[in-house]
Amino acid sequence: MKTLKFDPLNIVICGIGGQGNVLASEVVGSAMNDRGYRVAVGETYGASQRGGSVMSHVRVSADKEMSVLIPSGEAHIIIGFEPLETLRMARKYAGPDTMIVYDPRPVYPLGVLQGVQTYPAMEDIAAEIQSLSAAAYAVPAADIAMEVGDSRSANIALLGAFTQLPDSPLSREDLEKILTQRFRGAVLELNRRAFAMGCEAVSGKGGAV
């Protein structure tokens, strides 16, 4: 079992309902259980209905009993499926050691689409995410998913990126094993491709963006 840099290691997974946030937290938790860690997973805010904000807490320890809730300012990794949701979580949970991997493609709420609300400029969102973290990686997960032919695989692409973070307790092989248990046939192959492209999106950059 890989030694954790932080124990407990605190991971926030956030996004919009319908993006696969809950599945992602289940996959991460399952992979960590397989590695022998103690894991506490909880969906803490919102509901997983399409369009609503969703956040999961994943806490990992070698041997400690943990509550599900991550204290403010104590997330070590944030995985974000939507940029503004990522920023909101970073404002509350990021600390000096936090690493963030997120999809920079916005999902505009109804008020923005109707012209009664405004969505912040992506340049401003990205700059603040960077300023709140030790390192931030923008990974075009939604674009990767469209390229492989299934928009639902964006969450799998981001999990691939997550395995390449320096503080990730899981290797690429750890999560690939869970994918083969969860999916079959053509769906598995699509997700494998999205996962590999997510890995390469971080490992190929050689640094934060």
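1. Some thoughts on the pattern of salt bridges
- Here the structure, examined in full by the defined rule, presents twelve salt bridges.
- Linking Glu-128 and Arg-91 is a salt bridge whose minimum nitrogen-to-oxygen distance equals 2.9 Å. Note that Glu-128 is positioned in helix α4 (residues 122-131) and Arg-91 in helix α2 (residues 83-93), a separation of 37 residues in sequence.
- The partly exposed category is assigned to Glu-128, whose relative accessible area is 25%.
- The exposed category is assigned to Arg-91, whose relative accessible area is 51%.
- We note a salt bridge from Glu-189 to Arg-192, for which the minimum N-O separation is 3.0 Å. With a gap of three residues between them, Glu-189 and Arg-192 both fall in helix α8 (residues 185-203), about one helical turn apart.
- According to the relative accessible area criterion, Glu-189 is partly exposed, its value standing at 44%.

2. With respect to the packing of α2 against α4
- At their nearest, the axes of α2 and α4 sit 10 Å apart, and the two run at 35° to each other. As for the relative orientation of α2 and α4, their crossing is left-handed in sense. Contact with α2, carried on its side by Pro-83, Leu-84, Thr-86, Leu-87 and Arg-91, involves Met-122, Ile-125, Glu-128 and Ile-129 of α4 and no other residues of that element.
- Considered class by class, the residues forming the contact of α2 with α4 number six nonpolar, one polar and two charged.

3. Points about a nonpolar patch on the surface
- Judged by side-chain polarity, Tyr-108, Leu-110 and Leu-113 come together as a nonpolar surface patch covering roughly 350 Å² of accessible area.
- The exposure class assigned to Leu-113 is exposed, which follows from its relative accessible area of 61%.

4. Observations regarding the packing of aromatic side chains
- Within this structure, the stated rule accounts for one aromatic pair.
- Where Tyr-108 meets Tyr-119, the ring centres are 5.0 Å apart and the plane angle is 85°; that geometry is what we call edge-to-face. Of this pair, Tyr-108 sits in the loop between β5 (94-102) and α3 (110-113) while Tyr-119 sits in the loop between α3 and α4, placing them eleven residues apart in sequence.
- Looking at Tyr-119, the relative accessible area reads 14%, which means it is buried.

5. Remarks on unusual backbone geometry
- Following Asp-7, the chain continues into Pro-8 via a peptide bond in cis, with omega recorded as 5°.
- One can find Pro-8 in the segment before β1 (9-16).

6. A few points about the nonpolar core
- Core analysis: the biggest nonpolar cluster contains 45 residues, and Ile-11, Met-32, Ile-79 and Phe-162 have the highest contact counts within it.
- Beyond its immediate chain neighbours, meaning those up to four positions away, Phe-162 contacts Ile-11, Val-28, Met-32, Ile-77, Ile-79, Val-101, Ser-168, Pro-169, Leu-170 and Leu-175.
- Listed in part, the 20 residues of the second largest apolar core include Ala-90, Val-112, Tyr-119 and Ala-138.

7. Some details on the side chain of Ser-168
- You can see Ser-168 is positioned in the loop between α6 (154-163) and α7 (172-182).
- Accessibility expressed as a relative area gives 2% for Ser-168, which makes it buried.
- At a separation of 3.1 Å, a polar atom in the side chain of Ser-168 contacts the main-chain carbonyl oxygen of Leu-170.

8. Some points on the confidence of the model for the protein chain
- Averaged over the protein chain, the pLDDT score is 89; the fraction of residues at 70 or greater is 92%.
- Looking over the protein chain, one finds the lowest element-wise mean pLDDT in strand β2 (residues 38-46), namely 77, and the highest in α4, namely 97.

9. Things to note about the side chain of His-76
- For His-76, the location among the structural elements is in strand β4 (residues 75-80).
- Setting aside anything within four residues of it in sequence, one finds His-76 in contact with Phe-6, Pro-8, Leu-9, Asn-10, Asp-97, Thr-98 and Met-99.

10. Examining the environment of Phe-195
- Here Phe-195 lies in helix α8.
- In this structure Phe-195 comes out as buried when scored by relative accessible area, which is 1%.
- As a C-alpha pair, Phe-195 and Leu-175 span 20 residues in sequence and 9.1 Å in three-dimensional space.
- What Phe-195 contacts, discounting residues up to four positions off in sequence, is Ile-156, Ala-157, Leu-159, Gly-160, Thr-163, Arg-172, Leu-175, Glu-176 and Leu-179.

Each value, and the rule that gives it
Residues numbered from 1 in each chain as written. Predicted model: local features only at pLDDT ≥ 70, side-chain atom pairs only at ≥ 80, totals over all residues. Heavy atoms only, no water. Salt bridge = Lys/Arg side-chain N within 4 Å of Asp/Glu carboxyl O. Helix = DSSP H or I, 4+ residues; strand = E, 2+ residues; numbered from the N terminus. Buried < 20%, exposed > 50% of the residue type's maximum accessible area, 1.4 Å probe, protein only. Axes fitted to C-alpha atoms, helices over the stretch in contact; angles between N-to-C directions. Left-handed = near helix turned anticlockwise from the far one by under 90°. Contact = heavy atoms within 4.5 Å. Nonpolar A, V, L, I, M, F, W, Y, C, P; charged D, E, K, R; others polar. Patch = residues over 30% accessible without salt bridge, like charges linked within 9 Å, V, L, I, M, F, W, Y side chains within 5 Å. Areas by Shrake-Rupley, 256 points an atom, 1.4 Å probe, with all protein chains shown as cover. Phe/Tyr/Trp six-rings, centres within 6.5 Å; stacked < 30°, edge-to-face > 60°. Core = buried A, V, L, I, M, F, W, Y, C linked by side-chain atoms within 4.5 Å. Polar contact = N/O pair within 3.5 Å; in protein donor to acceptor, adjacent residues only side chain to side chain. pLDDT = per-residue confidence, 0-100.

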